[in-house]
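Topology and contacts: notes
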Amino acid sequence: MAAEDLPSEFDVVILGTGLAESVVAAAFSRVGQRVLHVDRRSYYAANWASFTFNGLLTWIQQQHEEESQPEEPQDWSSLVEEGEELIHLSTSDSSSISNVQVFCYISEEEEEDECLNTTEEERGGADEDAVKETSETECAGLFEGAPRGMCCPIKQASHTAGEEPEADQAAPSAAQSQSVPTKKKISYAQLVKEGRRFNIDLVSKLMYSRGSLVDLLIKSNVSRYAEFKNVTRILTYRNGRVEQVPCSRADVFASRQLSVVEKRKLMRFLTSCVEETEEQQAYRGRPYLEFLRDQQLGDNLQHFLLHSIAMVTDDTPTEEGLASTRHFLRCLGRYGNTPFLFPVYGLGEIPQCFCRMCAVFGGIYCLRHSITCLLLDKDSNRCKAVIDSRGQRISCSHFVVEDGYVGADRKKLTTPTRLISRAVLITDRSVLPSDSYQQVSMVTVPPIAAGYPAVRMVELCSSTMTCMPGTYLVHLTCQSVGSAYEDLSPVVTKMFRTPESPEQENCPSVHWCLYFNVADGSGLEVEGYDLPSNVYVCSGPDSALGHDHAIKQAESIFQKILPDEDFCPPAPNPEDIIYDGDNPSSSTREETEGAGEETEGAGEETEGAGQDTEGAGEKMEGAGEKMEGAGEETEGAGEETEGAGEETEGAGEETEGAGEEEKQQESLQTEE
């Protein structure tokens, strides 16, 4: 909608289109509130967004431009009335993204059977300071004796870009790799050309099948706006290799990694975790790893349960570890053998689905538009209006804002911002090849050394519509200890082949990768801002695997404003919605006339039934007269027949009564 067409009064104005803000917008619009939803960005979902490859390059460039050229606030003091105070919002949210670094490990143009001698450089015009520039050594020096076509420092994909491989077989041995020449290599130009096939998420999460987000999608009928795929397997990195984690009953008994005794112990332990016992309560406050050891579980089972099922650290309290294990088990089997779902086309679809629901029920959207100031009523300490980026004054009862738009001067406590380290890789094959190339995998990587964080990895195939055929999209996430590159590059070099790890010949090769840090939204304190009482702050993505934090935050804001309303009630079927311009009275009259015609028809049928009954009574009387002259035996039969005639006459009276009731209902519907 054009900014100059915006109405001047709303019930709720929302700035930012992240997941929490979008859910809030849908909830308010669904119960009849007038909602204005704006975002200064040119895309939906804020830091929850998904980009094409080309769109991601543009986003990278914008991050550097915002850091170098901050906007100056405009002066709107002329719009302030008596008894009002102006509160300026932040003009930039660049602080939520930092340490952006890009690496490209493939040639710029298409090359086949040639040795690559290139320099790493940032693609898409991003700032050169964010790029690690290294000159690759001569191929002959790295791979002496390798045949022509295999001497490049980075192993290329073994199938033509844009074509799906016949099957993702296990990694070929060195002898096989020398005997089979490589085919056409994927180039950077091809990534750009096929850029629309990528949907790259800024945040990496999965949906628990019995989590709050899935329950809300089903309850509100928003799920019809999106499609989902099962996460097909859960993997873990252990002892230098990737293994599949047996989590369901079928996986446990089919696993070749566990002995028969270990399988029985694992099933017995998982069964005992369903309900809390006195033994478990005795370990409250003690490490979960200690509890697992005391259950006489071996190293294999302890690793699987701690890192891949509960997904906690060694020092996590037992009650938290058991709660995570129970949640994992509850989600198993609802949609597949794993507890997780992933939306087709990326996680950025979910906020857009809720925005679509808001728009269906009358919400107004305006991108590339922002709210620059709040107008505070000094007497009531409430925000009575906002001023947009074009100087329009818009009255509102409530204002919801993304935390990135709130200035640092409005924070009561200046606590250091917690960060999440993120990496996005485009690779040539899966970390654990299998007969199916349509695997969606969740990989857990324990800390590789003391002082390093545990890493969560999600590997997506082309069937999720997030990458081009012949490639895989890999997301890595962890709590920040240093920069994203410092936290995650050691994991990348151990599990993938890059110029820093050319010896990893049997590992997937990295074509392109991005590192960046994003602010952790779980550290937001609702009461930590000096803002009017009717202004509510939403945080960005948190480091958890699920979406519970954002959904709980949205529901909390809704209940504070409208405590008596249902949060995101089911949307009606599209044919039941009456849009502006329709005349509901005419449609009601047509329905009433139709109901009257049906009732008249029912009355005619009833009268016909009465006539049939009278005829049946006359026949019975004639039969009785004939039977009277037949003798003593027929007299009794005549009496029975007369009784039948009386019953039939009673049935006729009941039918006439039913006809009168139908006529009364007809008159009632007409009056309505």
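Just so you know, these numbers come straight off a predicted model, no measurement behind them. (Residues numbered from 1 in each chain as written. Predicted model: local features only at pLDDT ≥ 70, side-chain atom pairs only at ≥ 80, totals over all residues. Heavy atoms only, no water.)

**Some thoughts on the nonpolar core**
- Grouped together as the largest cluster of nonpolar side chains are 111 residues, with contacts concentrated most on Phe354 and Trp512.
- Per-element tally for this core: the top contributor is helix H1 (residues 19–30), with eight residues.
- Membership of the second largest hydrophobic core comes to 26 residues, among which are Val13, Leu15, Tyr405 and Leu524. (Core = buried A, V, L, I, M, F, W, Y, C linked by side-chain atoms within 4.5 Å. Buried < 20%, exposed > 50% of the residue type's maximum accessible area, 1.4 Å probe, protein only. Helix = DSSP H or I, 4+ residues; strand = E, 2+ residues; numbered from the N terminus.)

**Some thoughts on the pairing of strand S5 (residues 97–104)**
- By the criterion of burial, S5 is predominantly enclosed, with seven of the eight residues buried.
- Note that S5 and strand S20 (residues 510–519) share six bridges and pair antiparallel. Across the sheet, residue Gln101 finds its bridge partner in S20, namely Tyr515. (Pairing = 2+ DSSP bridges.)

**Digging into the environment of His327**
- Relative to the assigned elements, His327 resides in helix H12 (residues 318–331).
- Among the residues examined, His327 registers a relative accessible area of 19% and is labelled buried.
- As for His327 and Arg210, which are separated by 117 residues in sequence, their C-alpha atoms are 8.3 Å apart.
- For His327, the residues in contact, after removing those within four places along its chain, are Tyr208 and Arg210. (Contact = heavy atoms within 4.5 Å.)

**What about the packing of H1 against helix H15 (residues 548–561)?**
- One way to put it is that H1 packs onto H15 with a least axis distance of 8 Å and a crossing angle of 40 degrees. Considering their axes alone, H1 and H15 lie oblique with respect to each other. Crossing handedness for the pair H1 and H15: right-handed. For the pair H1 and H15, contact is made by Leu19, Ala20, Val23, Val24, Ala27 and Phe28 and by Ala550, Ile551, Gln553, Ala554, Ile557, Phe558 and Ile561, respectively.
- Split by residue class, the contact of H1 with H15 holds twelve nonpolar, one polar and no charged. (Axes fitted to C-alpha atoms, helices over the stretch in contact; angles between N-to-C directions. Parallel < 35°, antiparallel > 145°, perpendicular 65-115°, else oblique. Left-handed = near helix turned anticlockwise from the far one by under 90°. Nonpolar A, V, L, I, M, F, W, Y, C, P; charged D, E, K, R; others polar.)

**Observations regarding the sheet that holds strand S11 (residues 340–343)**
- A sheet is described by the order of its strands in space; here three strands give the open sequence S7-S11-S8, paired in antiparallel fashion. Strands at the two margins of the open sheet, each flanked by one partner only, are strand S7 (207–208) and strand S8 (228–230).
- Direction of pairing for S7 relative to S11: antiparallel, over a ladder of two bridges. In the sheet register, Met207 faces S11, and the bridge partner there is Leu341.

**Section: the packing of aromatic side chains**
- Applying the stated criterion across every chain, the model contains 18 aromatic pairs.
- Pairwise contacts between aromatic rings join Tyr43, Phe51, Trp59 and Phe516 into one cluster.
- Between the NZ or CZ atom of Arg356 and the centre of the ring of Tyr225, over which it lies, the distance is 5.4 Å. (Phe/Tyr/Trp six-rings, centres within 6.5 Å; stacked < 30°, edge-to-face > 60°. Lys NZ or Arg CZ within 6 Å of the ring centre and 35° of its normal.)

On their own, these measurements won't tell you what the molecule is for.
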